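Observations on the three-dimensional arrangement
The chain contents come next:
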Protein chains: 2
Amino acid sequence: MKLPIYKSVLWGLPAVVILSLILYGCPSQQNLASNEEAAQKVYVAPGEYDEFYGFMSGGYSGQMSVYGIPSGRHIYTIPVFSQLATNGYGYNEETKAMLETSYGFVPWGDAHHPELSQTNGVPDGRYIFINENNTPRVAKIDLKSFQTTEILEIPNSGGNHASPFVTQNTEYISAATRFSVPMGEDGDKDVAIDSYEENFKGTLSFIKMQDDGSMKLDFQILVPGFDYDLSHAGKGPSHGWSFFTSYNSEEANTLLEVNASKNDKDFIAAVNWKKAAEYAAQGKGKIMPGEYVRNYIDKEDHIAKTERNSEVRVLDPRELEGMIYYLPTPKSPHGVDVSPDGELIIAGGKLSTVIPVHSFEKMTQAIENEEYEGEIDGIPVLKYDSILAGEVENPGLGPLHTEFDGQGNAYTTAFISSEVVKWSLDTFEVLDRIETYYSPGHLMIPGGDSQKPWGKYLVALNKITKDRYLPTGPELFHSAQLIDISGDKMKLLLDFPTEGEPHYAQGIAADIVMKDQVKFYKLEENNNPYAVKSEEETKVVRDGNEVHVYMTTIRTHFAPDNIEGIKVGDKVYFHLTNLEQDWDVPHGFTVKGANTSELLLMPGETRTMVWEPKRVGVTPFYCTDFCSALHQEMQGYIRVSPADSDVEIAYGTG
Amino acid sequence: MKLPIYKSVLWGLPAVVILSLILYGCPSQQNLASNEEAAQKVYVAPGEYDEFYGFMSGGYSGQMSVYGIPSGRHIYTIPVFSQLATNGYGYNEETKAMLETSYGFVPWGDAHHPELSQTNGVPDGRYIFINENNTPRVAKIDLKSFQTTEILEIPNSGGNHASPFVTQNTEYISAATRFSVPMGEDGDKDVAIDSYEENFKGTLSFIKMQDDGSMKLDFQILVPGFDYDLSHAGKGPSHGWSFFTSYNSEEANTLLEVNASKNDKDFIAAVNWKKAAEYAAQGKGKIMPGEYVRNYIDKEDHIAKTERNSEVRVLDPRELEGMIYYLPTPKSPHGVDVSPDGELIIAGGKLSTVIPVHSFEKMTQAIENEEYEGEIDGIPVLKYDSILAGEVENPGLGPLHTEFDGQGNAYTTAFISSEVVKWSLDTFEVLDRIETYYSPGHLMIPGGDSQKPWGKYLVALNKITKDRYLPTGPELFHSAQLIDISGDKMKLLLDFPTEGEPHYAQGIAADIVMKDQVKFYKLEENNNPYAVKSEEETKVVRDGNEVHVYMTTIRTHFAPDNIEGIKVGDKVYFHLTNLEQDWDVPHGFTVKGANTSELLLMPGETRTMVWEPKRVGVTPFYCTDFCSALHQEMQGYIRVSPADSDVEIAYGTG
């Protein structure tokens, strides 16, 4: 059986959009600052620090990248959902479990939206969260150490895109299914894809931050089988609510570029999560099957562990009132952003010719007055005119995302017309526009989705790079552009390349994150069961076909550095402890022919790699991080004898 | 049995070095350019290009990073010796074989020295090579596409550090063992480690660039069981020779920080590779066992293949005269660099208080006059005084590496005193010195190891970062510093962070590399056996428990995007072809719970991932690269039924 194949249309863009592009043309202003001025503004002199941390998702790299703003310098990569051949995340025994899922080990993820934890609606520098889109997960990164310390999978979800957005005190982190999936009383369902309308449902998930800092999947809300795209929590007066865009309210299951672009309006789902949380606390809703894991770095021994779960509380709007409402919104809305004062709910209607802006106050009144135009699966649909605060005219083509400067202005990216448009939250008038190169998706202003944006800079995260940097063959890094928003007119300051695809980014004043950072791990607090705290404790122990090597590193030798008695067929565990107790003195370790891993060891840390030697011989090992003047001398040998050899375990140094 | 453990000494530095540090102190000059001046010099305005490509090794990341100079912007990462969760190198079926070795699949390597191909002693922009230190290999990257196209393993070697250095027309690429290993007539030997002096040998390997651009291990030269550290080929008058530093001429096998630092002098090995190549061409030497692989991207179908080899020609200096000489060199020399005119051979004696400079002319005369002070394993040792051109006094502590500006000056990094020292190739006098932050290893001047350096900039590659950037917890990126060398005094311009550990770097004028680059792959030249060239050809084919999905991507849909009939226990091969034919229109692909891979597809390219679904259900897949205004609509579903289901293969779009 072969179904008919759709013939390619020109990018699948509706005619109205193509027509608009011809009519409106592209923005023409040249807002480039003078080179002299721009150079001074982005230059961070040797020995000085950037003003802001910029946290960018790695997109299809599955990681998070850290940049300095305004210099645009890439200062670190935090591994999250993918293995990283640098520090060994996802390769070594201590971190492998972080990449476990209910589907098994997933070595490579797709990260989308970094989101800083907040206190009183302001980024507080404790944590940054990020979602995995493909195998639905939310990760928590501890900003004391810049390490991923927890990953929570989301069941009953497909494409965890509208995620992870925090409430104003990080009470909850929300996540929504992008692709609806067949959901039944018995869990995963084997149904025909064309039974979509009957069987496919979405879920909105609410993860509770517990008092001990860990994440718990508190409840899910069952929603119609649309695609849910992005989200933001309310703040101030709208605290207690979260907003999710949806598209594909057509419930198409094939060729969505056409079939999910038919309706004039889709919806923003407005969720009263406080009410939903009350229902959950009261034991309302159903406990339904749902396989998912929670991986976490154990605070005691610093080793990743996996906890498995098989059910989840699901709240159904058909049974529980007042929990969720639909706000009609043109057209296939993408981003949804809430103004710093919590009153305006702004959608990026990616196929819309205006930016629709809803009023939270009008919304609550409309709910009170039951100004409904219908209901879908128990969800009242509010009347568009009852909730609308206004529409921004001529916002550029393909408006996607909006952030704020805290000075009464909003900034929206327009993907198709490649520009950022500045408009007034008061009058909804467009005040300024600036070209970007090319096709911006998200944008980031430090604190720009919080109650108190720092403003000053805007970073456009562009999807197309082409000719912005020296060419590097068919594959190019993505391009970010730093724009000065401190004056009336936006001014382009700098192009800087970004690794992977930084779907979204968050920025925060540096001093908040700098204080109280971990600089090295205290040896006396190292509770790894394979740690050794001094060279006297080092040893090599055979246990059947397993050999455990307890080894130390310090400038500039390993102990032991000569090992004999290993045999072909053994499984050798190298447990290395870095005895250094100072900042920035890592050591590395690798052995010739290593089939699983290398190691990079921060001071005070223990890391384990497995080595299964397959060939007889004497094989060198060495330090892989140039650690001191005699680094090249930091080497050793391990002897591998035949499986039937009678060479016994022996080891030593010097 | 437990051998006695050595008690830690203060970094293992000889007393003379510590004393010198106290006596000489640290450099005091402040050569920082004014912020205004420096900012202008490093600023590359939006829309403009950097002047030079900088290729930096990723060190323990196993990759190569590409930077723009002078902006210091990280514009690309080329995966070489490690898997890369971004473009799927080492994960997808088309590239996995690139990480095969004679020890099996090695997912993570340790890259050290980028080296551009040369023509007439000048970088020509065709290829860049880089070595893997741990499991000895040399990789070739094609600078038309910025892709790794060939990796050659080196047998009879341990720690391939002095590698890969090219001769002036890239006739040969040389590589040397860093750690000597037991070598016998029968290959790998199971011997006691303390039989080191008797059994352990080194090899210097010469890889021939063949007319078709492929690499062939032509011969190895057997050398004493020292550690071989770095290398450079001769040029101009010294063309035909290559120079390798050695240390551990003490032949210690444990605690080398002490035991390999005893001799006042170690050696530079001067190899007449032209003569050795003649011997090899004449069939001289022995064919000895040595397992190694050559991996390459097949030019026909663009799929990585592995070729296995088991023997190699070894030339023994005890039997073949005139091939190799030892130049005594103080003390544990690290780098060896040849002046642009080919006359001076400069060592970085890392525990030496001077920089020893040998004369090529004097060396050839001393060979002619047989001015030997002895012989080691058939290798004549020349008299130090007979070959010395001079010594640079007060060069800083721990001199490691030297590059050249083409204006008669040399620049040497001093690791311990954290500085770069500029000195005259004419008078050997120190002309200037500049602090670096902190502890520089290699340095790079564009073309700085060639016959015609571009000069202008110098990049110090520092080993310690500490407080140079916003802190990122215990782990920090390494730090590079850009120094203006266009005037008499060096001037510090910029700090920029680098990913992994850039042991060495090479720079080249951008216009040489920019021309004739591949921007996308032509669909009509796609000979991947699983490619489909149009949506009409897409199909899903079951073959027992294997299912092959031939799928296409184009803005903005997959064909097919609905697939049924997959069963638990199947092995599904997704073969995706990106039908786009324009620059910078990649698409991505992933499916929920993917246990092996995602895909990133350049235009015209075919990539394959394997998926072994373990759970029943309808699972979404989607495009992971934001490719167009309707990217979020680029999704599909695949239905997985129980193993005993009778659902048949069906598929379609729209």
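Note on numbering: residues in each chain are counted from 1, in written sequence order. Each chain gets a letter, beginning with A, and each ligand a number, beginning with 1, in the order they are written. Note on the predicted model: pLDDT of at least 70 is required for a residue's local features to be given, and 80 or more for side-chain atom pairs to be given and counted; whole-chain, interface and lining totals, by contrast, use all residues. As a rule here, side-chain values cover all heavy atoms of the structure and leave hydrogens and water aside.

**Remarks on the overall build of chain A**
- Secondary structure assignment for chain A yields eight helices and 46 strands.
- Taking 654 residues into account, the globule formula puts the C-alpha radius of gyration at 26 Å, and chain A, at 27 Å, falls close to it.
- When the backbone C-alpha atoms are referred to their principal axes, chain A occupies close to 85 × 65 × 50 Å.
- In this scheme, a residue with accessible area under 20% of its type's maximum is buried, one over 50% is exposed, and one in between is partly exposed, where area comes from a 1.4 Å probe on protein chains only. For chain A, with 654 residues in total, the buried portion stands at 73%.
- A separation threshold of at least 6 residues defines the contact pool for chain A, and within that pool the share at least 24 residues apart is 62%. Per the convention used, a helix needs a DSSP run of H or I reaching at least four residues, while a strand needs a run of E reaching at least two, with both numbered from the N terminus. Every radius of gyration here is taken over C-alpha atoms, with the globule rule written as 2.2 Å times N^0.38, N being the number of residues. Contacts are assigned to residue pairs with any non-hydrogen atoms lying within 4.5 Å of each other.

**Details of the nonpolar core**
- Core analysis: the largest hydrophobic core is formed by 73 residues, its most contacted members being Y53 and F55 of chain B.
- To define a nonpolar core, start from buried Ala, Val, Leu, Ile, Met, Phe, Trp, Tyr and Cys residues and group those joined through side-chain atoms within 4.5 Å. If you look at the next biggest cluster of nonpolar residues, it comprises 30 residues, including I128, I130, A510 and V513 of chain A.

**A short note on the confidence of the model for chain A**
Residues and elements named next belong to chain A.
- Per-residue confidence for chain A gives a mean pLDDT of 94; residues scoring 70 or more make up 95%.
- Taken together, the stretch residues 1-29 has pLDDT below 50 and engages in 53 contacts with residues farther than four places along the chain or on a different chain.
- At the level of chain-chain contacts, confidence expressed as ipTM amounts to 0.95, with global pTM at 0.95. In predicted models, pLDDT denotes the confidence assigned by the predictor to each residue on a 0 to 100 scale.

**Things to note about the relation of the copies chain B and chain A**
- To superpose the copies, least squares is applied to the C-alpha atoms of every residue with a pLDDT of at least 70 in both. Turning chain B through 180° and shifting it by 0.0 Å along the axis lays it on chain A, with an RMSD of 0.0 Å. Taken together, the rotation angle and the small translation identify this as a two-fold axis. Proximity to the rotation axis, assessed at the C-alpha, singles out A39 of chain B in chain B; its C-alpha lies 2.7 Å from the axis.

**Things to note about helix 6 (residues 360-368) of chain B**
Residue and element names in this part refer to chain B.
- Turning to helix 6, its buried residues number three or more, namely F360, M363, A366 and I367. With its buried residues spanning 120° around the axis, helix 6 presents them on a single face.
- Throughout this description, a polar contact denotes any pair of N or O atoms lying within 3.5 Å of each other; where both atoms belong to protein, one of them has to be capable of donating a hydrogen while the other can accept it, and for residues adjacent in sequence the pair is counted only when both atoms sit in side chains. The backbone nitrogen of E361 has a side-chain oxygen 3.3 Å away, supplied by the residue at the start of helix 6, namely S359.
- Two residues or fewer after helix 6 comes E370, characterised by a positive phi angle close to 50°. In this description, one arc is meant: the one made by directions from the helix axis to the C-beta atoms.

**Remarks on the sheet that holds strand 26 (residues 388-393) of chain A**
Residues and elements named next belong to chain A.
- In short, DSSP must find at least two bridges between two strands for them to pair. Read from one edge to the other, the open sheet built from four strands follows the order 21-22-23-26, with strand pairing classed as antiparallel. Each edge of the open sheet carries a strand with a single partner, namely strand 21 (333-338) and strand 26. If you compare each strand with its neighbour and ignore which way they point, the axes differ by 20° on average.
- Seen against the sheet, helix 6 (residues 360-368) touches strand 22 (344-349), strand 23 (354-359) and strand 26 and runs at an angle of roughly 60° to strand 23. Only C-alpha atoms enter the line fits that serve as axes; for helices the fit covers just the stretch in contact. Angles between N-to-C directions range over 0 to 180 degrees.

**Observations regarding the side chain of T608 of chain B**
Residue and element names in this part refer to chain B.
- Along the polypeptide, T608 turns up in strand 44 (residues 606-611).
- A polar contact is formed between the side chain of T608 and the side chain of H575, at a distance of 2.9 Å.
- Sequence-distant contacts of T608, that is, excluding residues within four places in its chain, are made with N92, E93, E94, Y573, F574, H575 and L599.

**Let's talk about the sheet that holds strand 44 (residues 617-622) of chain A**
Residues and elements named next belong to chain A.
- Pairing is mixed in the open sheet, where six strands are placed in the order 42-41-44-45-39-46. Looking at which strands have only one partner, the edges of the open sheet turn out to be strand 42 (599-601) and strand 46 (650-652). Averaged over all adjacent pairs, the angle separating strand axes in this sheet is 20°, with direction ignored.
- Across three bridges, strand 41 (residues 587-591) lies against strand 42 in antiparallel orientation.

**As for the interface of chain B and chain A**
- Counting from both sides, the interface comprises 179 residues of chain B and, opposite them, 179 residues of chain A.
- Buried surface at the junction of chain B and chain A, summed over both partners, amounts to about 16200 Å²; 56% is from carbon and sulfur atoms.
- A pair is scored as a salt bridge if a Lys or Arg side-chain nitrogen falls within 4 Å of a carboxyl oxygen belonging to Asp or Glu. For the pair chain B and chain A, the interface holds six salt bridges.
- Here E633 of chain A ties to K350 of chain B by a salt bridge, and the two come within 3.1 Å at their closest N and O atoms.
- Charged means Asp, Glu, Lys or Arg here, nonpolar means Ala, Val, Leu, Ile, Met, Phe, Trp, Tyr, Cys or Pro, and polar covers whatever is left, Gly included. Residues of the side of chain B that touches chain A, tallied by class, amount to 84 nonpolar, 55 polar and 40 charged. Values labelled buried area give the accessible surface lost by two parts on being combined, using a 1.4 Å probe and summing over both.

**Focus: the side chain of D301 of chain A**
Residue and element names in this part refer to chain A.
- Positionally, D301 belongs in the loop between strand 18 (286-297) and strand 19 (304-315).
- Using a relative accessible area of 15% as the deciding quantity, one classes D301 as buried.
- Here I303 takes part through its backbone nitrogen, which lies 3.0 Å from a polar atom of the side chain of D301.
- A distance of 2.9 Å separates a polar atom in the side chain of D301 from a polar atom in the side chain of K305.
- Residues within four places of D301 in sequence aside, it is in contact with N527, N528 and P529.

**Comments concerning the pairing of strand 11 (residues 172-179) of chain A**
All names here are of chain A.
- Where burial is concerned, most of strand 11 is hidden: eight out of the eight residues are buried.
- In this structure, strand 10 (residues 158-166) lies alongside strand 11, joined through five bridges in antiparallel fashion. Across the sheet, F165 pairs through a bridge with S174, a residue of strand 11.
- Pairing of strand 11 with strand 13 (residues 200-209), which is carried by five bridges, proceeds in the antiparallel orientation. Bridge pairing in strand 13 places I173 opposite I207.

**Points about the packing of helix 2 (residues 35-42) of chain A against helix 2 (residues 35-42) of chain B**
- It is at 9 Å that the axes of helix 2 of chain A and helix 2 of chain B come closest, and there the two elements cross at 105°. When the interaxial angle is binned, helix 2 of chain A and helix 2 of chain B end up roughly perpendicular. For the pair formed by helix 2 of chain A and helix 2 of chain B, the contact residues are N35, E36, A39 and Q40 of chain A on the first element and N35, E36, A39 and Q40 of chain B on the second.
- Of the residues belonging to the contact of helix 2 of chain A with helix 2 of chain B, the class tally is two nonpolar, four polar and two charged. In this scheme, roughly parallel covers angles under 35 degrees and roughly antiparallel covers those over 145, while 65 to 115 is roughly perpendicular and the rest are oblique.

**A closer look at the packing of aromatic side chains**
- Only Phe, Tyr and Trp rings take part, Trp by its six-membered ring, and two of them pair if their centres are within 6.5 Å. Stacked means planes under 30 degrees apart, edge-to-face means over 60, and tilted covers everything else. In the structure shown here, the tally under the stated rule is 70 aromatic pairs over all chains.
- Look at Y53 of chain B and F55 of chain B: their rings are 5.8 Å apart centre to centre, the planes differ by 10°, and that puts the pair in the stacked class. The two residues Y53 of chain B and F55 of chain B agree in class, both being buried.
- Ring centres 6.1 Å apart and planes at 35° place the aromatic pair W241 of chain B and Y325 of chain B in the tilted group. Pair noted here: W241 of chain B is in strand 17 (residues 241-247) and Y325 of chain B is in strand 21 (residues 324-329), with a separation of 84 residues, a long-range link.
- Exposure remark for Y325 of chain B: the relative accessible area of 7% places this residue in the buried category.
- Working rule: Lys NZ or Arg CZ, within 6 Å of ring centre, within 35 degrees of ring normal, means a charge sits over the ring. The ring of Y550 of chain A has K539 of chain A lying over it, and the distance from NZ or CZ to the ring centre is 4.7 Å.
- The residue whose ring lies beneath R615 of chain A is Y103 of chain B, and the NZ or CZ to ring-centre distance is 4.1 Å.

**As for unusual backbone geometry**
- The omega angle of the peptide bond from S163 of chain B to P164 of chain B is -10°, so this bond is cis rather than trans.
- Checked against the element boundaries, P164 of chain B lands in strand 10 (residues 162-166).
- Residue R555 of chain B is joined to T556 of chain B through a cis peptide bond whose omega torsion reads 5°.
- With respect to the helices and strands, the residue T556 of chain B is situated in the loop between strand 38 (546-554) and strand 39 (557-559).
- Its identity is not glycine, yet K456 of chain A carries a phi of approximately 75°, on the positive side.
- Along the chain, K456 of chain A turns up in the loop between strand 31 (440-444) and strand 32 (457-462).

**Things to note about the pairing of strand 10 of chain A**
- Across the nine residues of strand 10 of chain A, nine count as buried, placing the element largely inside the fold.
- Here strand 10 of chain A hands over to strand 11 of chain A after five residues, with T170 of chain A in that stretch at a positive phi of 55°.

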